[in-house]
Amino acid sequence: MQKNIKNQNRRKFVKHTALASFATWIGMPVVFAENFPSTLKPAALLDRAWADNLPGKSDALTILNDRPVNAETAAHLLDPVRTPNNLFFVRNNGLPPRTVDVDTWTLTISGESAKQKKIYTLKDLKTKFKQHTLSITLECGGNGRSEFNPPAKGNQWSTGAVGCAAWTGIKLADVLADVGVKSDAVYIGYYGKDDHLSGDPNKDSISRGVPIEKAMEAESMIAWSMNGTDIPMLNGHPLRLVFGGFPASCSGKWLSEIVIRDQVHDGQKMKGQAYRTPCKPVAPGTKVEDKNMCIIEDMPVKSLITFPQTGATIRSGQSLPVRGHAWTSATAIKLVECSIDFGKSWQTCTLTAAENRYAWQRFETKFQFPQAGYYEVWARATDTNEQTQPMILPGWNPKGYLNNACHRIAVKVTDE
Amino acid sequence: MTNNWNTLLTTLSIFVAFLTAFMGYLLLGDNVQNLLPAQKPSAQILAARQQRASDRLAAAEVEASWDRVVEGIHQRTGFYADPNLPIIIAACTSCHSSKLVTQNRATRPGWEAMIRWMQETQGLPDLGDKEPIILDYLAKYYAPKSTGRRAHLDLTSIEWYILELD
C-alpha cells in the first residue's frame, strides 16, 4: 500500500516535471496539463533528430510526418527497376524498436485456428524453410490521398508511397503448414515490435492482417532481406511480412507474432474506418457509418511516369523518351498507354513482362510534339481483369484510399 | 566564585563568536568565498568555462532561431503564427508531429471530428475551454480549398529544367 502511494507520487512528480519543462519550452503553462495521461510525453521533449536524419534513408525523400515517420519518394526517383532501399517510402504508424537483437529475435505463431503454438528464431526461419527471392511492389492504401476533395484526413501522400524491391525470405504458407492450420481458419493477423505513439506499452500501433487465402498465396512472404541486404530499420528490420496487391499496411513490420484466426482479425487499424472504403459507392463528402465501411483487399491497377522528371523543357523537333512502371493486384498488366493531348489520343507503350506476379512492369515510349507549347504526359495502365485508370479522381471515400487516377507530368517544348 | 564567573564568560564569548559567524554566513552565504583573496583559475579551467558559455550561447541561438516567425510561419513547427499558437502547439504536438496537422485541410466540423476520433481511439484528453480556440485556429488556417474533381498540376511547384537529349 505504502509502496503504491509512493509510486503514484513519483509518477505524478515525473509527469509534472515533464509538463513543467514542456510549459517552459512553449513559453506558457499547459492549461489542461492535468488532463494529459501520464504515459504521454509531449513530442517536443523527445528527440528531434529523426526529422532531419532518417536512419538508412536518403535525404531526397519527402518527409510528410516525422512522428510517426512518413516519407514518400518523388516519381523520378522511382525510375530504377528495383527501388533502392534508401529511397523506399516509409509509412510508420508507431515508433520503430530502438534496438534489434537478431540473435534473440523470435517469431511466434499461435491463434485459435493454429494446431499448435510454435516459436521460431530467425536462424530457424532461415534454415528450416526453402528460401525465395521475389520482386514485389508495396503500395500504401492511402497513396494519392492528397488529391481527394473534400480532403481526407491522414498523411497527404502524393504519388510516392510505392516501391518495388527484391525481397528474400520464405513463403508464409510454408511456415503456416509447419505449425498446422485448422480448417476453420479465416484470417491471419500480425503483431510487431513497434511502440504506440503515446509510448503506452499496452497499445499496439498497428496489427492488421489478410484473409487465409491471401496468406497461402505463392507470393506471400516473410522476408528478412531487401535487394540483397538487410531491410532498413524504418521498413521493418529484421523481419516483415510482404503481401503484393494488398495495401502495404497488411505487410507487418518488425514482425514478432502471427495469429491464425477463426474470425476476421480485430487488431489495431482493422476496425472503424481505417483501411476501409464504403461498401457501396457514396457521393463526395458523405459521412459513412463504421458498419458500412468494408476492409480494402485488392489494390487497383496503377502506373507512374518515372522519366522524365516533371518540368522537362525540350526543343522543338526533339523526341521525348518516356518510361515508368505499372502494377496491379490482378495477374498482370496487359497494356500501358500514354497521351500528350490530355487524353484525346493514346499511344501504346512497349511493356516488359513481370519476373513474378506483383513485380511492377516497365513501360517505355517516345513522343514527337506537333509544335512548341505546354504539354502534359499522362499514363494509364490496363490489367488482365480489364480494369484501367480513371483520368479524374476515382470514387471519393472518407479516408482517401485507392486513388489510382492516371499520373501526369508537365513538359514544355520551346522553339529556340 | 570568580573562577565560575570566568568560565561562564568564556563560554558566553565563544557562543557569541559562533553566533556572529553563523549569522554572518547566513547573510553572506556562498559569497563568503568571494571575500577571500581570489585564486586565479588555471588557463585550462578558463578555457573550459569559455567553452561552456559559448555552447550555451549557441544552443540559445538555435532555440531562438527555431522559434522565429518567417512570413507568418513559425519555423520550428511550420504552424501559422497566431496569438493562440502556444495552445495549438501544446494540444496538437503531444502525440504526433505538427506536420500531420499542417498537411491536412478540413472544415471546422471536420477538425472537430478528428479531435473526437483522437479522443475516442488515441487517448487525447478533454481539451476543455481550449477546444473552441483550437477549432477556430484550425478552421481559419487549414480550411479546404475547392479543387473540383481533379486539380490542375501545381505549376507553381514545378521546377522547370532543360532536359538534355542525344
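Keep in mind that what you see is a predicted model, and the values were worked out from it rather than measured. (Residues numbered from 1 in each chain as written. Chains lettered and ligands numbered in written order. Predicted model: local features only at pLDDT ≥ 70, side-chain atom pairs only at ≥ 80, totals over all residues.)

**Quick word on the overall build of chain B**
Reasoning step 1: Looking only at helices and strands, chain B has 7 helices and 3 strands in total.
Reasoning step 2: Along the chain direction, N to C, the helices and strands of chain B fall in the order α-α-α-β-β-α-α-α-α-β.
Reasoning step 3: Per-residue burial over chain B gives 15% buried out of 166 residues.
Reasoning step 4: For chain B, the share of sequence-separated contacts (at least 6 apart) that also reach a separation of at least 24 residues comes to 51%. (Helix = DSSP H or I, 4+ residues; strand = E, 2+ residues; numbered from the N terminus. Buried ≥ 20, exposed ≤ 12 C-beta atoms within 10 Å, placed from the backbone. Contact = placed C-beta atoms within 7 Å.)

**Notes on the sheet that holds strand β3 (residues 90-91) of chain A**
Reasoning step 1: As summarised here, the arrangement of the 3 strands in space is β1-β2-β3 (chain A), forming an open sheet in which the pairing is antiparallel. Every interior strand has two partners, whereas the edge strands, β1 (62-66) and β3 of chain A, have only one. (Pairing = 2+ DSSP bridges.)

**With respect to the domain arrangement of chain A**
All names here are of chain A.
Reasoning step 1: When its domains are assigned, chain A resolves into domain 1 (1-46), domain 2 (90-295) and domain 3 (302-414).
Reasoning step 2: Relative to domain 3, the C-alpha centre of domain 2 lies at a distance of 29 Å.
Reasoning step 3: Contact residues are listed per partner, giving 24 residues for domain 2 and 22 residues for domain 3.
Reasoning step 4: Put simply, the parts of the chain that give the side of domain 2 that touches domain 3 at least two residues each are β6 (131-139) and β14 (276-278).
Reasoning step 5: For the side of domain 2 that touches domain 3, the element with the highest residue contribution is β6, accounting for 4 residues.
Reasoning step 6: Of the residues that constitute the side of domain 2 that touches domain 3, the class distribution is 9 nonpolar, 12 polar and 3 charged. (Domains from an automatic or database assignment. Nonpolar A, V, L, I, M, F, W, Y, C, P; charged D, E, K, R; others polar.)

**Topic: the interface of chain A and chain B**
Reasoning step 1: Each partner contributes residues to the interface: chain A has 40 residues there, and chain B has 36 residues.
Reasoning step 2: Mapped onto the side of chain A that touches chain B, the elements with two or more residues apiece are β1, β17 (312-315) and β24 (407-414) of chain A.
Reasoning step 3: When its residues are assigned to classes, the side of chain A that touches chain B shows 22 nonpolar, 11 polar and 7 charged.
Reasoning step 4: Across 2 bridges, the pairing between β17 of chain A and strand β3 (residues 161-162) of chain B is parallel. Looking at the pairing, threonine 313 of chain A lines up with isoleucine 162 of chain B of β3 of chain B.

**So, the environment of isoleucine 73 of chain B**
Residue and element names in this part refer to chain B.
Reasoning step 1: For isoleucine 73, the position within the fold is in strand β2 (residues 73-74).
Reasoning step 2: Residues isoleucine 73 and leucine 153, spaced 80 residues apart in sequence, show a C-alpha to C-alpha distance of 25 Å.
Reasoning step 3: Beyond its immediate stretch of four places on either side in the chain, isoleucine 73 contacts Gly78, Tyr80 and Ala81.

**Things to note about the sheet that holds strand β21 (residues 350-351) of chain A**
Residue and element names in this part refer to chain A.
Reasoning step 1: On the basis of which strands lie adjacent, the open sheet formed by 4 strands has the order β16-β18-β22-β21 and antiparallel pairing. The sheet is open, and its two borders are formed by β16 (302-307) and β21, each paired with just one other strand.
Reasoning step 2: Here β16 pairs with strand β18 (residues 320-327) via 5 bridges, running antiparallel. Directly across from phenylalanine 307, in β18, lies its bridge partner arginine 323.

**A few points about the nonpolar core**
Reasoning step 1: Counting residues in hydrophobic clusters, the biggest one holds 84 residues, and the most contacted among them are Ile136, Trp167, Met221, Ile222, Val242 and Val377 of chain A.
Reasoning step 2: Here this core gathers at least three residues from each of two domains, domain 2 (90-295) and domain 3 (302-414) of chain A.
Reasoning step 3: Among all residues touching isoleucine 222 of chain A, those that are not within four sequence positions of it are Leu125, Gly169, Ile170, Leu172, Val175, Leu239, Leu241 and Leu255 of chain A.
Reasoning step 4: If you look at the next biggest cluster of nonpolar residues, it comprises 13 residues, including Val101, Trp111, Tyr137 and Leu138 of chain B. (Core = buried A, V, L, I, M, F, W, Y, C linked by C-beta atoms within 7 Å.)

**A look at the confidence of the model for chain B**
Residues and elements named next belong to chain B.
Reasoning step 1: Within chain B, residue pLDDT values average 86, and 90% of them lie at 70 or more.
Reasoning step 2: Averaged pLDDT values over the elements of chain B bottom out at 61 in helix α2 (residues 32-35) and peak at 97 in β3.
Reasoning step 3: The ipTM, which scores confidence in the relative placement of chains, is 0.81 for this predicted complex, and the corresponding pTM is 0.79. (pLDDT = per-residue confidence, 0-100.)

**Thoughts on the packing of helix α6 (residues 108-121) of chain B against helix α7 (residues 131-141) of chain B**
All names here are of chain B.
Reasoning step 1: Put simply, α6 and α7 touch, their axes get as near as 9 Å, and they point 130° apart. Our classification of the angle between α6 and α7 gives oblique. At the point where α6 passes α7, the crossing takes the right-handed sense. The residues of α7 that touch α6, namely those facing Arg108, Trp111 and Glu112, are Leu135, Leu138 and Ala139. (Axes fitted to C-alpha atoms, helices over the stretch in contact; angles between N-to-C directions. Parallel < 35°, antiparallel > 145°, perpendicular 65-115°, else oblique. Left-handed = near helix turned anticlockwise from the far one by under 90°.)

**Observations concerning helix α4 (residues 85-92) of chain B**
Reasoning step 1: Most of α4 of chain B is tucked away, with 6 of its 8 residues classed as buried.
Reasoning step 2: Here α4 of chain B has its buried residues at Ile87, Ile88, Ile89, Ala90, Ala91 and Cys92 of chain B.

**What about the pairing of strand β19 (residues 333-339) of chain A?**
All names here are of chain A.
Reasoning step 1: In terms of burial, β19 is a largely internal element, 5 of the 7 residues being buried.
Reasoning step 2: As paired strands, β19 and strand β23 (residues 373-383) are joined by 6 bridges and run antiparallel to one another. Across the sheet, valine 336 pairs through a bridge with alanine 381, a residue of β23.
Reasoning step 3: Relative to strand β20 (residues 347-348), β19 runs antiparallel, the two sharing 2 bridges. Following the sheet pairing, cysteine 338 is matched in β20 by glutamine 347.

**Describing unusual backbone geometry**
Reasoning step 1: A cis amide bond links asparagine 149 of chain A with the next residue in sequence, proline 150 of chain A, at an omega value of 0°.
Reasoning step 2: Structurally, proline 150 of chain A can be placed in the loop between β6 and β7 (162-171).
Reasoning step 3: A cis amide bond links phenylalanine 307 of chain A with the next residue in sequence, proline 308 of chain A, at an omega value of 0°.
Reasoning step 4: Among the secondary structure elements, proline 308 of chain A is positioned in the loop between β16 and β17.
Reasoning step 5: With a phi angle near 75°, lysine 269 of chain A is a residue other than glycine that sits in the positive phi range.
Reasoning step 6: Tracing the backbone through its elements, the reader meets lysine 269 of chain A in the loop between β13 (255-261) and β14.
Reasoning step 7: C-beta crowding within 10 Å serves as the criterion here: with 17 such atoms nearby, lysine 269 of chain A is assigned to the partly exposed category.
Reasoning step 8: Phi is positive for glutamate 71 of chain B, which is not a glycine, with a value near 50°.
Reasoning step 9: Structurally, the position occupied by glutamate 71 of chain B is in the loop between β1 (69-70) and β2.
Reasoning step 10: Note on glutamate 71 of chain B: 5 C-beta atoms within 10 Å, which makes it exposed.

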